[in-house]
Amino acid sequence: MRKTLYLKFILAYIIFGFFGFIVVATFVSSMTVDNLKKDKADTLYREATLIANTYASDLYNSETTLEAVKNELDALETYLNASIWIINPSGRIVLDSSAPVDVENEVVIENFDSTITEGSYYIIGDFFGTFTEDMLSVFAPITSDFKVKGYVVIHSSMSSLQAASDSLLNISYITLVILFLLSLIILIFFTEMVYIPLRKITEATEHYASGNMHYEFTVESEDEMGYLAATLSYMASEIARAEDDQKKFVANVSHDFRSPLTSIRGYLEAMLDGTIPPEQHEKYLTIVLNETERLTKLTNSLLILNNLNMKGIFLDKTDFDINTTIRNVAASFEGTCREKKIAIELLLTGEEMFVTADMGKIQQVLYNLLDNAIKFSHHNSIIKLETTEKHNKIFISVKDSGIGIPKDNLKLIWDRFYKSDISRGKDKKGTGLGLSITKEIIQSHGEHINVISTEGVGTEFIFSLPKSDMEDED
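Here we summarise the structure given alongside this text.

Thresholds, definitions, all that
- Each chain carries its own residue numbering, running from 1 in the written order of its sequence.
- Confidence filtering applies because this is a predicted model: local features only for residues at pLDDT of at least 70, side-chain atom pairs given and counted only at 80 or more, and all residues used for totals across whole chains, interfaces and linings.
- In computing side-chain values, all of the structure's heavy atoms are included and hydrogens and water are not.
- In this text, helices come from DSSP runs of H or I with a minimum length of four residues, and strands from runs of E with a minimum of two, each type numbered from the N-terminal end.
- Partly exposed describes any residue whose relative accessible area lies between the buried limit of under 20% and the exposed limit of over 50%, with all areas from a 1.4 Å probe on protein chains only and scaled to the type maximum.
- Note on definitions: a residue-residue contact is assigned when non-hydrogen atoms from the two residues lie within 4.5 Å.
- A 1.4 Å probe and the Shrake-Rupley method give the accessible areas. Residues count as covered only by the protein chains that appear here.
- Buried residues of nine kinds, namely Ala, Val, Leu, Ile, Met, Phe, Trp, Tyr and Cys, make up a nonpolar core once their side-chain atoms join them within 4.5 Å.
- Here the rule is simple: two strands pair whenever DSSP picks up at least two bridges between them.
- Inter-axis angles, ranging from 0 to 180 degrees, are taken between N-to-C directions of lines fitted to C-alpha atoms, where helices are fitted over the stretch in contact.
- Helix span is expected to be 1.5 Å times the residue number reduced by one.
- Aromatic pairs are defined between Phe, Tyr and Trp rings, using the six-membered ring for Trp, whenever the two ring centres lie within 6.5 Å; interplanar angles under 30 degrees are classed as stacked, those over 60 as edge-to-face, and all others as tilted.

Regarding its fold elements, the chain presents 13 helices and 13 strands. The buried share among the 474 residues of the chain stands at 37%. Contacts in the chain between residues at least 24 apart in sequence constitute 66% of all its contacts with a sequence separation of at least 6. Put simply, the chain shows about 28,200 Å² of open surface, and 56% of that area lies on carbon and sulfur atoms.

Below, the structure written as C-alpha cells:
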C-alpha cells in the first residue's frame, strides 16, 4: 500500500497528541508535584520559624504557659491545615496541636534524629514511623543562648498536595485537549488548501503520463498550488495541441502527396495500357511534369519549415536596400500580372531604405505575400507595396483588393496546410505552407507580421524589419 502524504500528516498529528499526553502525565506531573511541595514547604517553614521565635521560645523561657501556647497552635493548625509539634532534642513531644495537653503521659518519638533533613529544612515520609501515610514535615529549631532547646515541626499530609497536583494536571489535560482540537483547524486547512489540490494534480499527471493530454482539472487557488495546477494544465494543453497539430500535419502531408502521386500513376498507367493514345502523350506528360513540380515545391517548403523551426537557425544578415528588393520581386511577377491585368503600385519611402536582415529569406517573404495577393485578386485590380519608417523600424505592407479572408479564419491562416473554403477554388497548386514559412522567417528575425482583412474587400499584410545603421552613419 502506498503511503500518502496525507496519511503521514495524520500519523504525525496522532503522534503529536500521544506524546503530548505522555509529557503531561510524566514530566508535567512530576514538576507540578515538586513545585507544590517546595511552595508548601517554604510556607510551612516560615510559619515554623515564626512559632519557634515567638511562642515556643517564650515557652522554653517560662514566659508563657503550655495552655496559652496550645491555644495559639490550635488556631494556626486550623489556618494551615497542618499539625504543629514542639519536640525536645531527645524526641519527646512537648506539645501537639492535634491532641490535648497531657503532661503525665509523655509521648516520645523513637529514634528521633533532627539531622535527618541533611541540610534541608523538610523531609517526606512517616516521620520515624509515627504516621501511616507520607507527610511533609518541616523543622525549625528553637534556640536560646545560642543553644538548640527543641524543634517546631509542622506536618502536612502529602495527599492534600497530590490532590492539588491532580487538580492542576486536570487543567493541563483539558488545555492539551483544547489545543489538540484546535490543531484540527491546521489539519482541515492542510486538507483543503494542500492535500485536495495536490491529489487533483497527482491524478492529472497520471492521466497525462498515460497519454490522455485532454484531461481537464481545476484548482481554485491563487497561491503557488494554484499556479502549479494552472501551469501543468497549460503544459498539457500545449502538448495536446502539438500532438493534434502533428496528426493534422501528417494527414495533410499524406493528402498533399497522395493526390499528385495518384494523378501521376493514373496518367502513366493509362499511357502504358493504351487508354491514352500516343498522340496525346505529350499533353499528359506535361500534366505529370506539373505534378512533379508540385511535389518538389511541397518537399522544398517542408524542408524550409523544418530548418526554420530548428533552434539556432542561421540567418545570413546583411545591410541591403529593401526598396530595391521590393522592385526586383515585383518585376518577377510582370508576366502573371499582365495575364490578369493587375497593376502593382509601389509606394516606397525614399530612393533607398536600408535594413539589416537575411536578404534571401526576406525575398522569399515578399514573393509569398505578393504571390498570394496576385492569386486572390480580381482582374483589373491594384496591389500596393508600401514602405514606411517609424521608431527605427521599417514597415513593409502588401495590400490587395481581392476576395479577403473571413474573420473566423484570420487566426488560422498561419497554420500549416491551411486553406480557407473561399481560397480552395483559386489556389489549385498551393501547398498551404507559404504563410507558415513567412511567419517563421519574420519571427526568426525577432520581428512581427500582422494581417488586416475584410471579406470581399481585400487583405493587407504588414511586417517589420530593423532599420540599418548605415543610414545613420551616412
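To continue, consider unusual backbone geometry. Even without glycine at this site, Phe127 takes up a positive phi of about 55 degrees. In this structure, Phe127 sits in the loop between strand 4 (122-125) and strand 5 (135-144). In this structure Phe127 comes out as buried when scored by relative accessible area, which is 2%. A positive phi angle, near 65 degrees, is found at Asn392, a position not held by glycine. Position of Asn392 among the secondary structure elements: in the loop between strand 10 (382-390) and strand 11 (393-399).

Before going further, it helps to examine the environment of Met135. Turning to its location among the elements, Met135 is positioned in strand 5. The spatial distance from the C-alpha of Met135 to the C-alpha of Leu161 is 9.9 Å, given a sequence separation of 26 residues. If we skip the residues at most four places from it in the chain, Met135 touches Ile123, Ile124, Gly125, His155, Ser156, Ser157 and Met158.

Ranked by size, the top nonpolar core spans 38 residues in total, and within it Ile322 and Phe463 carry the most contacts. Elements represented by at least two residues in this core include exactly helix 8 (322-331), strand 9 (354-358), helix 10 (359-375), strand 10, strand 11, helix 12 (434-444), strand 12 (449-454) and strand 13 (458-466). At seven residues, the largest contribution of residues to this core is made by helix 10. Excluding residues within four positions of it along the chain, Ile322 makes contact with Met353, Val355, Ile362, Leu366, Ile394, Ile396 and Leu465. With 25 residues, the next largest nonpolar core counts Ile51, Leu66, Ala82 and Met158 among its residues.

This part is about the sheet that holds strand 8 (residues 343-347). Sheet architecture is open: five strands sit in the order 8-10-11-13-12, paired in mixed fashion. The sheet is open, and its two borders are formed by strand 8 and strand 12, each paired with just one other strand. The average undirected angle you get between the axes of adjacent strands in this sheet is 15 degrees. Inspection of the sheet shows strand 8 paired to strand 10 by five bridges, in the parallel sense.

Spanning 15 residues, helix 3 (residues 66-80) covers 20 Å between terminal C-alpha atoms, matching the ideal 21 Å at 1.5 Å per step. Just beyond helix 3, the residue with positive phi is Asn81, at close to 55 degrees.

The six strands lie next to each other as 3-2-1-6-5-4, forming an open sheet whose pairing is antiparallel. Both outer strands of the open sheet, strand 3 (107-108) and strand 4, are each paired with one neighbouring strand and no more. Relative to strand 2 (residues 92-96), strand 1 (residues 83-87) is paired through three bridges, and the arrangement is antiparallel. When the bridges of strand 2 are listed, Trp85 appears paired with Asp96. Set on the sheet, helix 3 makes contact with strand 1, strand 2 and strand 6 (147-157); between it and strand 1 the angle comes to about 145 degrees.

Counting through the fold element by element, Phe463 comes out in strand 13. Among the residues examined, Phe463 registers a relative accessible area of 1% and is labelled buried. Put simply, Phe463 and Gln443 are 20 residues apart on the chain and 9.9 Å apart in space, counted from C-alpha to C-alpha.

Before going further, it helps to spend a moment on the packing of aromatic side chains. Summed over the entire model, instances satisfying the criterion amount to 15 aromatic pairs. Relative to Tyr215, the ring of Tyr208 lies with its centre 6.5 Å away and its plane at 70 degrees, an arrangement referred to as edge-to-face. Judged by relative accessible area, Tyr208 falls into the buried class, the value being 7%. Between the aromatic rings of Phe333 and Tyr367, the centroid separation amounts to 4.8 Å while the plane-to-plane angle is 35 degrees, which identifies the pairing as tilted. On the criterion of sequence distance, the pair formed by Phe333 in the loop between helix 8 and helix 9 (334-340) and Tyr367 in helix 10 is long-range, its members being 34 residues apart. The class of Tyr367 is partly exposed, set by a relative accessible area of 42%. One aromatic cluster in this structure is built from Trp85, Phe112, Phe127, Phe128, Phe131, Phe139 and Tyr151.

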